[in-house]
There are 2 protein chains.
Amino acid sequence: MGNYQISSDVLPTLADFSLPEELGFGEVKVPIMYRADFANGEWQTAELTPYGNIELDPAAKVLHYAQEVFEGLKAYKVGDGRPNFFRPLENLKRMNRSAERMCMIEIPEDIYMDGISLMTAYSEPFIPNGSGKSLYLRPFLIGTRSNLGMGVSDTFTFMVIASPSTIYHAGHMKIQIEREACRAARGGTGAAKTGGNYAAALQSAQNVQRRGYDQSLWLDPVEMKYIEELSGMNFFILQNGELHTPVLNGSFLAGITRDSILALARHQGLTVIERDIPIQEVLTGIQSSAVSEIFACGTAAIVSPVSLIADADGTTYEVQKVDELAATLRQSLLAIQERREADPYLWTAEVDGSYYSEK
Amino acid sequence: MGNYQISSDVLPTLADFSLPEELGFGEVKVPIMYRADFANGEWQTAELTPYGNIELDPAAKVLHYAQEVFEGLKAYKVGDGRPNFFRPLENLKRMNRSAERMCMIEIPEDIYMDGISLMTAYSEPFIPNGSGKSLYLRPFLIGTRSNLGMGVSDTFTFMVIASPSTIYHAGHMKIQIEREACRAARGGTGAAKTGGNYAAALQSAQNVQRRGYDQSLWLDPVEMKYIEELSGMNFFILQNGELHTPVLNGSFLAGITRDSILALARHQGLTVIERDIPIQEVLTGIQSSAVSEIFACGTAAIVSPVSLIADADGTTYEVQKVDELAATLRQSLLAIQERREADPYLWTAEVDGSYYSEK
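Basis of the calculations
Note that residues are indexed from 1 along each chain, following the sequence as it is written. Throughout, the order in which chains and ligands are written sets their labels, letters from A for the former and numbers from 1 for the latter. pLDDT decides what is reported in this predicted model: residues at 70 or higher carry local features, side-chain atom pairs at 80 or more are listed and counted, and totals for whole chains, interfaces and linings draw on all residues regardless. Based on all heavy atoms of the structure, the side-chain values leave hydrogens and waters out of the count. Secondary structure elements are taken from DSSP: a helix is a run of H or I of four residues or more, a strand is a run of E of two residues or more, and numbering for both begins at the N terminus. Computation of the radius of gyration draws on C-alpha atoms alone. For the globule rule, the value is 2.2 Å times the number of residues to the power 0.38. Any residue under 20% of the maximum accessible area for its type is buried, any over 50% is exposed, and the rest in between are partly exposed; the area is computed with a 1.4 Å probe on protein chains only. Throughout, a residue-residue contact means that at least one pair of heavy atoms, one from each residue, lies within 4.5 Å. Surface exposure here means Shrake-Rupley accessible area, sampled with a 1.4 Å probe, where a residue is shielded only by the protein chains that are shown. The charged-residue count follows a simple rule in which Lys and Arg add positive charge and Asp and Glu add negative charge, with His and chain termini not counted at all. Note on charges: their place is set at NZ of Lys, CZ of Arg, CG of Asp or CD of Glu. Here the buried area means the combined drop in accessible surface, using a 1.4 Å probe, for two parts upon being joined, counting both sides. The salt bridge criterion pairs a side-chain nitrogen of Lys or Arg with a carboxyl oxygen of Asp or Glu, the two atoms within 4 Å. The definition of a polar contact used here is a pair of N or O atoms within 3.5 Å, where within protein one atom must be able to donate a hydrogen and the other to accept one, and adjacent residues in sequence count solely through side-chain atom pairs. Classification convention: Asp, Glu, Lys, Arg as charged; Ala, Val, Leu, Ile, Met, Phe, Trp, Tyr, Cys, Pro as nonpolar; all other residues, Gly among them, as polar. Any two strands between which DSSP finds at least two bridges are classified as paired. Lines fitted to the C-alpha atoms define the axes, with helices restricted to the stretch that makes contact. Angles between their N-to-C directions range from 0 to 180 degrees. Note that the term roughly parallel is reserved for angles under 35 degrees, roughly antiparallel for angles over 145, roughly perpendicular for angles of 65 to 115, and oblique for everything else.

Peer 1: Would you mind going over the overall build of chain A with me for this structure?
Peer 2: Secondary structure assignment for chain A yields 8 helices and 20 strands. Taken over C-alpha atoms, the radius of gyration comes to 21 Å for chain A, in line with the 21 Å a tight globule of 359 residues would show. The principal-axis extent of the C-alpha atoms belonging to chain A is close to 65 × 55 × 35 Å. Looking at the 359 residues of chain A, the share that counts as buried comes to 64%. Here the analysis covers contacts within chain A between residues at least 6 apart in sequence; of these, 72% occur between residues at least 24 apart. When the accessible surface of chain A is totalled, it reaches about 13100 Å², and 44% of it is carbon and sulfur. Taking the average place of the 30 positive charges on the side chains of chain A and the average place of its 45 negative ones, the gap between the two points comes to 3 Å.

Structure, rendered in structure tokens:
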């Protein structure tokens, strides 16, 4: 454990809090937050405090030059035990890869684990314990140096905030191929979980939603031929009984749910193939029924079926099967995440008891 | 004029302020700031207040999803008159194009003009009046909605902060061609002045600086063959006595200095050609002396000569002439900006006297 303090206001604040009936996803925040600042070349004492506005200099790098990275992971408390995380160190590894890409400081493991563990331990009464519900944790790191020139920050703020949430219901997604724009530049920040990627995707999302679709399907930035991902979810097809997904190429996010789905599918005896997948092959495959099912995955929704792909010209391709393999994989993964079934992969980890000591 | 208030602390704060000897660029801030919030579907009363930290919810969109755009322009006060802007409405137009691309609110002209005019009028005693010095104004707009899901903000904060600055001395720049990464994605945000573009460019900048160069030279995202820009400056070559610059293609910033340089060069009788410029043609042209001079331009540095281009493999190409046409154009433009010479283009505009009324 690192060096942290618990504000004396934390327990009274939690005592005054109650969960609303409707949770949604990412809307309700627990009334506490964890913060660690990096300044003068070192990490300062971290603090768990009541949730509230943070102060930033108006010239802070994050507000002009988007020096910012984040993560999303869930703590589950289904059943009687302590809350548990799902592969939390994978999120830290990815966050530090993102931070390196954006020329930011590395987050030490103890500071990160303190953040997610304290937030979870102190929020325990507000972690919904029904299946599909969880505490969504949002660690993030921002550059705070006040200076109007371009360049990197040498001061940073790391925070963890958290939201008791229901599983994100993406429904049976109708998606549209984005043929005009790419989500990521060649050699760009596509594999980093950084704000600029998401900001760049907003316009395409608005456009496809106006046309009645749920999400954009992004193609590769070099040839605009191969599938990359949805905005924030990795992509899978069931082709001739095999599970195919785009191979990691540094241009889209290496999903932790993606990695878990691949392991589960292999364990269930499916042939799993990571490769470059041409969009045309998928469209033709839907028509010939070689591609029988399509789904996407991510932390928020876990696994969501795709029922239809529309091309940019409006041609639609209806997928034969919806939420069959996807449902099986979602249920298998959720059962492990919620510790309702055995975890042969050692993916889940209980929150360390020592974080409850001050309570 | 719009609806604004001047805090009673503004004048005492300014009375206590004095400029340090060394200004630099973007380092020193005048101790006041202008802020207008958009909430509940409308712009709230704006305020001119002392400069200080702003409060943001830790789940604000700008901190996670980089919904942010900015501008940079200068107010000059060389000689006796009131301070003057240089083409200020061009910055507003571009800012609103950027905001539209990032799915943000449009900034009304009166709110923008109030912001830059009040900041300039009240900062007048701190605008350095030597040639090459100015008040650098930084309008910016951020999405502030607190919600952890992806999507657009419906609340925004527009601010103007300002820095008395000397001209940014880029020196005789040695630049290196970036052959691995692209600054902008196809159909991406390259033409918007938004944080994600600059964050994505930081790593390349660090890499070339470690190799002893000043800046990266970016190529187009489709073929990686045509010149786009430096990180934050537009690019020019003098080829067989004609001035060539990359034609605007939606993938790099439409510089206001770029546009002004083109007009000035035409006025001086130069043939000006906007076109796709292959990098190979420039390298070959340097060797054959067909390309005799190279420079870049932007608000901060105005016009800066390039003395050397290095390829990614370390091959270097020394430019024959350094800061000849560049110096002429810089001096011509600066003389207009500083109102030392006639302004046949009607580019400069004095700050409206009514903004001084409360002083």
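This is not the end of the story, as more comes after the structure.
Peer 1: Could you clarify how one ought to interpret the interface of chain B and chain A in this entry?
Peer 2: Where the parts come together, the accessible area they lose is often given as the size of the interface. If you look at the interface, chain B gives 61 residues, while chain A gives 62 residues. Regarding the contact of chain B and chain A, the summed buried area is about 5100 Å², with carbon and sulfur atoms giving 58% of it. Counting across the interface, chain B meets chain A through 0 salt bridges. Where chain B meets chain A, there are 34 residue pairs in polar contact (both at pLDDT 80 or more). Contributing elements (two or more residues each) for the side of chain B that touches chain A: strand S5 (54–56), helix H2 (61–65), strand S6 (68–70), helix H3 (88–101), strand S9 (133–143), strand S10 (156–166) and helix H5 (195–210) of chain B. The dominant element in the side of chain B that touches chain A, judged by the number of residues it contributes, is H5(B), at 8 residues. Here the side of chain B that touches chain A is built from residues that sort into 33 nonpolar, 17 polar and 11 charged. Inspection of the sheet shows strand S5 (residues 54–56) of chain A paired to S5(B) by 3 bridges, in the antiparallel sense. Looking at S5(B), one finds that Ile54(A) is bridged to Leu56(B).

Peer 1: Would you mind going over the packing of helix H6 (residues 256–267) of chain B against helix H8 (residues 325–337) of chain B with me for this structure?
Peer 2: Two numbers describe a pair of packed helices, the interaxial angle and the distance between the axes. All names here are of chain B. The N-to-C vectors of H6 and H8 enclose an angle of 105 degrees; their axes lie 10 Å apart at closest approach. One finds that H6 runs roughly perpendicular with respect to H8. Residue-level contacts link Thr257, Ser260, Ile261, Leu264 and Ala265 of H6 to Leu329, Ser332, Leu333 and Ile336 of H8. Grouping the amino acids of the contact of H6 with H8 by side-chain chemistry returns 6 nonpolar, 3 polar and no charged.

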